[in-house]
Structure formats: C-alpha cells, structure tokens
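Architecture and fold: a report
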Amino acid sequence: MKENQWLKIGFQLAAIVLALLFTTLVLLMAGASPLQAYLNVLEGIFSSTADITNVLAAWIPLLLTTSGVLITFAAGLWNIGIEGQIMLGAVFTTGALRLLENSSLVGGWIILLGFLAGLLGGALWGALAGVLKTFGGVNEIFGGLGLNFVATAFALYLIIGPWGRPGIASTSGTLLFPTRLWLPTPTNVALSPWALVVGILSAVLVYFLLRGTYFGLRLKAVGKNMRAAFLLGVPTWQYSMYAFLLCGAFAGLAGAVQVTAVYHRLIPTISSGYGFLGLLVAMLINYQAIWAAPIALFYAALNIGGIQLPIVMKMDSSLSGVLQGILVLFVLMVEGARQRLFEKR
Amino acid sequence: MNVELKDIHKTFGAVHANAGISMDIPGGTIQGILGENGAGKSTLMKILSGFIRADQGEILLDGHPVSIHSPADAIRNGVGMLHQDPLDFPPLRVIDNFILGRSGGLLPGEGAALQDFKKLAGQFGFSLDPQAYVDSLTVGERQQLEILRLIWLGARVLIFDEPTTGISAQQKVKLFAALRLLAKQGMTVLFVSHKLEDVEGLCDSVVVLRQGYLVGSVKPPYDTHQLVEMMFGKEVTLGARSAGCAGEVAFSLRNLAVEDYRLHIGEINLDICHGEVIGLAGMEGSGQALFLRAVAGLVRTVGGQILRGDRDLTGRNYHFYKRGGVAFLPASRLEEGLVAGLNLTEHVILAEEATGFSINWEKGRQLAQSRITEFNIHGTPVNTVESLSGGNQQRTLLALMRVPLDLMLLEHPTRGLDIESTIYIWNKLKERCQQGTSILFVSSDLDEILQYSDRVLVFFSGRVTPPLDVSTLTTEKLGELIGGMGWPESKNEASVHERKPVA
C-alpha cells in the first residue's frame, strides 16, 4: 500500500517534469530563452502586492467554476456549457444592476440582488443544457457547446443593441457602472474581500457536499453507474438536473463577480475562459475537491504571470496556457501509463 | 465442409466452460448441439467462429488444421455464425449490411452486390427489400439477411445460435427449409438450441453438452426422455419444504401481459401468498426475466393488473414499488446491481433510507461491517465492489436488501456461489419468508428451483404454465417443460388450470 503511494507521487512528479520539458521545447522552437521566460512568469506573480492581488482576483472565478464542474463531473457529466453559464450569469447581473441603478436602494443591496440574479441566470442556462440532455437526448457536450455560442451572441446583441452606449455602436462593452455599484475594495488594492469570501466558500461547500452528504453520494453513484444507482433507489435524471443547476449557479456567481468586482460592466469576453480552465483544473486534480483551492491558485498565478511576457519578451502571453494544458495532458497520460504498468486487472 | 474439433478446452476463471470437447461433423449435414444454459454450447461455437480463443485444442476443416483468431479469420476459412441477438446495423439499409463485412476495395460496388443479393434471396425464397432499413425488419428477416450475407462472403459452415427464439411460425418453416437447402448444397450447419422439438425435427445428429463436457451423441430416431436426462443429469433428491401458501394473498396478478421486441407473454394469473417462494424456470430469454422486471415496475406491462390487496398498482414505477417494500435483485452485478468505484460502506448507505442531509460515516461503516459479517463477505468496509470476487459481489447484493420487505424479486440469487454459500443464503431468505416476505426468483439451476420453491412457473417462448405445485414435479418433467415438451395445445393454459389459493 505504502509503496503504491510513493509510486503514484513519483509518477505525478515525472508528469510535471515532462510538462516543463515540453514547454521548454516549445519555447526553444519559438526562439526564446526558456529560463528568461520562466523567470518572467515568476516575476509577474510575485514582484509586487498588485501582482499578488491580481492572482487572487483571478483565483476567485476559477475557484467558482472549478467547484461547479466538480459537481457535474461527480454526476458523470461534461459541462462544457459552463462558459455560457458564466456569460448568462454576467448578463443577469448586469440586467439587475441596470434595473435597480436609479432606484432608492442602498448600493450594497443592489449588488446582493445582482449576485442573486447572476446565480439564477447561470442556473437557468445550466438547466437548459440539462433539459436538452434529459428530455431531448442531446449529449451535454454538444448542447453545452451550442448554448455557449447562443450565450455569446445574446450578450453581443445586448451590448450593441438595447444596452449599448448612447451614440456608439461598439462591441467593446456596456457603460461603466457608477462606483457605488462596485464591490467595495480596500484602498489601493484591486481585490474585493467579499468576492474572495464567496470564492473560498464555494470550494469549502462543494468539498463537504461531495464528501459528507447523501446528496453527494447519490450524485457519485449516478455518475459512476446510472443504472445501478436507479435500481438502488436514486431518482437519476433528477440528480443530473440538480448537478446542472448547481454548476450553473456557481458559474453564474463567477459571472456576477466578473461584473461587480472586475469589469464593472458587461463585455463580450467576460468569462475570460475561466469555465474551460475550471474543467482543466478539475481534471488535473482527478476530481478530488480537496485539491481544488491550491491548484486553482497555481493556475490563476500562471494566468497572471503570463501577462508579463508580451511586454518584456515580446512573446505571446499564451505560454501560460500552453503550460496549463500540457500539464493536464501529461498528468493524465502518466496516470494512464501507471495504471497499465502497475495495476493488473 | 467437414468440421472436426479435437480436445477443445476453455476456462473462465474457475469455470471449465469446455472440458476436452471433440466432435466430427461431416459436410452436408445439420448437427444439433443441445444443452442447458451454461453447458458450454455458446463458448464452443464462439471458439469455432473466432470470437474467443480456446486454451487448448485443434480445429480441422476438411482435414486441415486451421488457426482461427478472429471472426474475420473464421469467415476467410468459410466459417460464419449467426448470433442469437443479430449483430447487424439497424440504422443502415439491408444492402449496406450485406456489403459491410466484405474486405478490400475503396468503392462498395453496390450494383454487383445488389444483383448477387437478389439472386441469393431468390434461391432461398426470402423476400427482403434491399433498400429497407434494418430497424424496420423482424428478427426473422434479420436472420435471413445474415444468412445471405455469410453465404455471399463464402461461408461453408454456418452456426446458428438459438435461431428459433423470437421468430414467427411461418418464418421458422422458411428458416428450416433454408437450413435443409444449405445442407443439400454441401454446407455444414450447426444448430445450437435448447428446444427439443426443433432439434428433433431438423437435425441429422445431436450432441449434448453438460457443464462443459460432451455427454453423448445421438442419431434419429430421438428419445425425448433420453435427451432430457442427458441435458440435466439424474434426478436429485429433494429436501423438506414448507407447506407453501399459508392462505393470505399478498399480491395478485390478473391477466398480466408483458412484451419486448421478440416476445409477447399474455394472460398471466398468479396469486402470491405471504411467505411463499415461487420459482420461475425456463431457458434464458424465455420471458421469465421480463416477467420479473414487470412485477418490479421496471418494464411497462401491456395488459392486465398488478394488485396488492384491493389496491391497483399497475403502471406505477420502480421507485414506487421499492418504497412500498418490493425489492429487485438484478443478475448482472456490476452492470446493474453495484456501482463500481464506490466501496461497501457507500453501498450500504445508498441502499438504506437517508437520515437527514449529511452522512454519519461512522454509523455507516459499522452497518457495513455487520453486513459483511452476517453475509460472510470477504472484504472490508472500504473495499470497492469491483475489487471483490464474483461470489462476494453476489453476497453484497443480497446484503444490500432492506429489512423488512414484502416481496423480493430475485434474478439468479445464488449464481456464482458455492454450495455452502447457496444453502446459507437460502436459509436467510427462508427466514424472511417466515416473517411474511414472498419471493419470486429466476434461476437456470433446476435443482435450486425444485429445492427451494413452493410453486413453479415454467416459461417457454412466450408461454407460461399455470403455477405448478413443486411436489408434482421432477427434474425430468421440469426439463421437458423447459425444452418445450408436454405443453397443452391451448394458448391460454395459464388461465385455465390456475390453482386457487385456499381462502
């Protein structure tokens, strides 16, 4: 048993080394100095408090989306539609803020209602993918992909059309909200403690949901063997729907955070790929919720660190993306190799 | 083509599915292969047709040893097999299916194939529309397509696995005519069946397999009693059993009808008494599993009623029945019964009624441990179910059944268990019966049926006997009924001689 554990850790380390080697190869082919690039990434993460708060700000939506997809993965579902669910969350939040902007309510209340609207929007969009799957027989991957396009198109329409800036036909975004509708931040720091609390709570909640509740156990049973779960008495399609609703709700919250704490308006790229990145993180941690927070933090750091590259080295910032993707591929590959070699069935 | 099998051995784990089987089948004959479920018929045929490989032994075609490693190898050597469930492509057209197995060529050459198809179909008197989609065909027509396809691919040896299951009487006549024509053309036909009537009416020679061994070869004229005895072995001595129906009816089935794509079973009338055990006998696929699942609420009934006292439960779903104390135990453990990846504790918790929102893991672990001890499962609460052996998985399935229950519906409750465990499990089940639980169980083990049932229903090709008192049955009689012999002519026998429970 013990020996097995060490073997597993050894293989995981090998995966990281291989991923770094491969990324180095990519850098060499691009004609850049790998060492320089890695140092620049590190510098982008740690050189100032602003960098660190940026990392934390990126960590929040990533935590939310990772928490969300951990639920759908537990139910055996590939919620590719999470990007659209973030978008709809952002749209609903923006809508709520616009509606209440000129009301007599206190800013804090408006923001809270905006969050609830975002949660609702994401959950609805998630439920739609679920309905398509459960009642229409549309695989959630295709349904989700289609709904992502619809969500983007819908947001663009709002940005150019009804919610457009007066006199300007631009897809760059809606008008900035007044600062009283911004999630409050401490002076000189671009990080809202409120949003941070929401992000961390989501990870804690999902951890306990999947580990210690009947709901989580049934979800896992449905994900691993739907037929047997049904015969054991679990209402299976209902549980699939719950998974979509919950994941959508988390994604919607991520959208709400992006609107109220980061961009303070609706922009077409408001999801910033955090949905897909959340899927990557969930796969990398082998769907173990306990690892969600640290690994999401690592990925958020890579995201922020990569921003340095175009400025300093005239390289594309996608280097971080390369490393993020390659790491997942190598971890999965090495794990597969380990099982083939050492686990006889 | 002459087919010779020499000393074929195949084991699956501890099961010796084929134990040194040798036979010689001359070309131009129809060879019957008879045996009960698990006798090794299918294994032997799959070895000959390349689906699985023998551990040991030799196959000779026309005296030349051949090595057959895949179905493609088999067909190259002229051996083709028709499976019980047609292995075709329902969303494609007949002609596409016809062409599909042919190797080589970038273009399908549909024109030439179409001509061959029509010629072959005419030869056998099959009327198949080559442009029709396969999912619009009956099972019999799909068989016809498969026969044409295999012959076109050059098959000289044709294996038919239970071909008369699920086809109409006219189609059977056509099929038999086609088989005789094939034999006349010099082909070798292997006819695998458990239906004595079909085998006796068609085959030039019959071999009987039992528990992996070839027990004998018979030529016509056939003696049915001899065949049954060869299939099932000698009569067994029966132990004591309870008096059966104590008088109170727990559930009643009135004119119940169920069906799937190949079978229709109608007019089932049965009163299930408290504490009674009813065995459902029949070859696999004769409708007993379908019936059991209908009573569990898993399969929609197409007619009749399921009553509990005065309450009509017809059409309710599985979870409704389950909440009402009706439990179902599926035969396929890892497919339907257990969730691979979850451990024993998690299973026990899933199977019990939820208490609140969060799980008390310590209590769950203790419960799992007590079940492990009670059912003698070799494992710990943290073992995942797929890491257990088959017998222990079976015990786990039984250990997950809630207490108390009103009705237990069991598919092969002791399959894969040794004698000792079987007796132990049945003692536990009988304890439940004494508390009023009724049991309906499907088993392909005749001894088990005769040993533990109070009454027996026998299924054969969509027909059901009335409930038979087990004291009137012997292994031989049961074997005959399972093989389709000794059935009354009337189609409504189930309603005719139903034994009325004492009021």
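Residues numbered from 1 in each chain as written. Chains lettered and ligands numbered in written order. Predicted model: local features only at pLDDT ≥ 70, side-chain atom pairs only at ≥ 80, totals over all residues.

Another aspect to go through is the overall build of chain B. Helix and strand content of chain B: 18 helices and 21 strands. Against the globule reference of 23 Å for 503 residues, chain B gives a C-alpha radius of gyration of 25 Å, in line with a compact fold. When its C-alpha atoms are laid out on the principal axes, chain B stretches across 70 × 50 × 45 Å. In chain B, which comprises 503 residues, the share counted as buried stands at 45%. In chain B, of all internal contacts separated by at least 6 residues, the share reaching a separation of at least 24 is 70%. (Helix = DSSP H or I, 4+ residues; strand = E, 2+ residues; numbered from the N terminus. Rg over C-alpha atoms; globule rule 2.2 N^0.38 Å. Buried ≥ 20, exposed ≤ 12 C-beta atoms within 10 Å, placed from the backbone. Contact = placed C-beta atoms within 7 Å.)

With that settled, consider the overall build of chain A. Scanning chain A for helices and strands turns up 14 helices and zero strands. Seen in sequence order, chain A has helices and strands lined up from the N terminus as α-α-α-α-α-α-α-α-α-α-α-α-α-α. Relative to the globule expectation of 20 Å for 345 residues, the C-alpha radius of gyration of chain A, 21 Å, shows essentially globular dimensions. The principal-axis extents of the C-alpha atoms in chain A amount to approximately 65 × 60 × 35 Å. Per-residue burial over chain A gives 48% buried out of 345 residues. Within chain A, counting contacts between residues at least 6 apart in sequence, those at least 24 apart form 78% of the total.

This part is about the sheet that holds strand β10 (residues 213–218) of chain B. Residue and element names in this part refer to chain B. Ordered by their spatial adjacency, six strands build an open sheet running β6-β7-β8-β3-β9-β10, and the pairing between neighbours is mixed. The open sheet has two edge strands with one neighbour each: β6 (79–82) and β10. Adjacent strand axes in the sheet meet at a mean angle of 20 degrees, parallel and antiparallel pairs treated alike. Both strand β3 (residues 30–34) and strand β9 (residues 205–210) contribute to a ladder of four bridges, which runs parallel. By the bridge assignment for β9, Leu34 is matched with Val208. Each of β3, β7 (157–161) and β8 (188–193) is contacted by helix α6 (residues 169–184), which is oriented at about 145 degrees to β8, the strand it contacts most. (Pairing = 2+ DSSP bridges. Axes fitted to C-alpha atoms, helices over the stretch in contact; angles between N-to-C directions.)

The subject of this paragraph is the environment of B:Val458. Residue and element names in this part refer to chain B. With respect to the helices, strands and loops of the structure, Val458 is situated in strand β19 (residues 455–460). As for Val458 and Ala155, which are separated by 303 residues in sequence, their C-alpha atoms are 37 Å apart. If sequence neighbours within four positions are ignored, Val458 has contacts with Ala281, Gly282, Thr465, Leu468, Leu478, Leu481 and Ile482.

Contacts between the two partners involve 20 residues from chain B and, on the opposite side, 16 residues from chain A. Per-element tally for the side of chain B that touches chain A: the top contributor is helix α12 (residues 344–351) of chain B, with four residues. Of the residues assigned to the side of chain B that touches chain A, the class counts are 12 nonpolar, four polar and four charged. (Nonpolar A, V, L, I, M, F, W, Y, C, P; charged D, E, K, R; others polar.)

Residues and elements named next belong to chain B. Structurally, Gln394 is set in helix α14 (residues 390–399). Residues Gln394 and Gly337 lie 57 residues apart in sequence; the distance between their C-alpha atoms is 9.1 Å. Excluding anything up to four places from it in sequence, Gln394 contacts Arg333, Arg415, Gly416 and Leu417.

Our next topic: the domain arrangement of chain B. Residues and elements named next belong to chain B. Looking at chain B, the domain boundaries give domain 1 (3–232), domain 2 (234–325 + 403–503) and domain 3 (340–401). Here domain 1 and domain 2 have C-alpha centroids that lie 33 Å from each other. Each partner contributes to the interface: domain 1 provides 16 residues, whereas domain 2 provides 14 residues. Of all elements in the fold, only α7 (196–202) and α8 (224–232) reach the threshold of two or more residues within the side of domain 1 that touches domain 2. It is α8 that contributes the most residues to the side of domain 1 that touches domain 2, six residues altogether. Considering only residue class, the side of domain 1 that touches domain 2 consists of five nonpolar, seven polar and four charged. (Domains from an automatic or database assignment.)

All names here are of chain B. Sheet analysis places strand β1 (residues 3–12) next to strand β4 (residues 56–61), joined by five bridges and oriented antiparallel. Bridging across to β4, Glu4 finds its partner in Leu60. Note that β1 and strand β2 (residues 15–25) share eight bridges and pair antiparallel. Its bridge partner lying in β2, Glu4 is registered against Asp24.

Attention shifts here to the packing of helix α8 (residues 214–224) of chain A against helix α10 (residues 236–263) of chain A. When two helices pack together, their arrangement is given by the angle between their axes and by how far apart the axes lie. Residues and elements named next belong to chain A. Running from amino to carboxyl end, α8 crosses α10 at an angle of 110 degrees, the nearest separation of the two axes being 10 Å. As judged from the angle between their axes, α8 and α10 are roughly perpendicular. Between α8 and α10, the contacting residues are Arg218, Leu219 and Val222 on the first element and Thr236, Tyr239, Ser240 and Ala243 on the second. Partitioning the contact of α8 with α10 into residue classes produces four nonpolar, two polar and one charged. (Parallel < 35°, antiparallel > 145°, perpendicular 65-115°, else oblique.)

Residue and element names in this part refer to chain A. By the secondary structure assignment, Asp316 is in the loop between α13 (308–313) and α14 (319–342). Asp316 sits in the partly exposed class, given 13 other C-beta atoms within 10 Å. Spatially, the C-alpha atoms of Asp316 and Ala243 are 37 Å apart, while their sequence positions differ by 73 residues.

For the rest of this paragraph, the subject is the packing of helix α2 (residues 34–46) of chain A against helix α12 (residues 292–305) of chain A. Residue and element names in this part refer to chain A. Contact geometry of α2 with α12 gives a least axis separation of 8 Å together with a crossing angle of 105 degrees. Judged by the inter-axis angle, α2 sits roughly perpendicular to α12. Every residue of α12 that contacts α2 at Val41, Leu42, Gly44 and Ile45 is listed here: Ala301, Leu302, Ile304 and Gly305. Looking at side-chain class alone, the contact of α2 with α12 contains six nonpolar, two polar and no charged residues.

Turning our attention to the sheet that holds strand β14 (residues 303–308) of chain B. Residues and elements named next belong to chain B. An order of β12-β11-β14-β15 is seen for the four strands of this open sheet, with the pairing classed as antiparallel. Edge positions in the sheet fall to β12 (264–273) and β15 (311–312), since each has one partner strand and no second. As judged from the two bridges shared by β14 and β15, these two strands associate in the antiparallel manner. Note that in β15 the partner of Leu307 across the bridge is Asp312. Of the strands in this sheet, β11 (249–259), β12 and β14 touch helix α9 (residues 288–295), which is tilted by about 125 degrees from β11.

This part is about unusual backbone geometry. Of all residues except glycine, most have a negative phi; of all peptide bonds, most are trans. Residues and elements named next belong to chain B. For the bond running from Pro220 to Pro221, omega is 0 degrees, close enough to zero to count as cis. Following the sequence through the fold, Pro221 ends up in the loop between β10 and α8. With an omega of -10 degrees, the peptide bond between Val403 and Pro404 qualifies as cis. With respect to the helices and strands, Pro404 occurs in the loop between α14 and β17 (407–411).

This brings us to the confidence of the model for chain B. Residue and element names in this part refer to chain B. Chain-level statistics for chain B give a pLDDT mean of 86 and a share of 93% at 70 or above. Predicted confidence for residues 235–244 stays below pLDDT 50, and this span has 13 contacts to residues more than four positions away or in other chains. Scored below 50 in pLDDT, residues 490–503 makes 26 contacts in the model with residues more than four places away or belonging to other chains. Two numbers describe this predicted complex: its pTM, 0.77, and its ipTM, 0.86. (pLDDT = per-residue confidence, 0-100.)

Our next topic: helix α5 (residues 107–136) of chain A. For α5(A), which comprises 30 residues, the first-to-last C-alpha distance of 42 Å matches the rise-based estimate of 44 Å (1.5 Å per residue) to within 8%. Looking one or two residues past α5(A), A:Gly137 carries a phi angle of roughly 70 degrees, positive in sign. (Expected span 1.5 Å × (residues − 1).)

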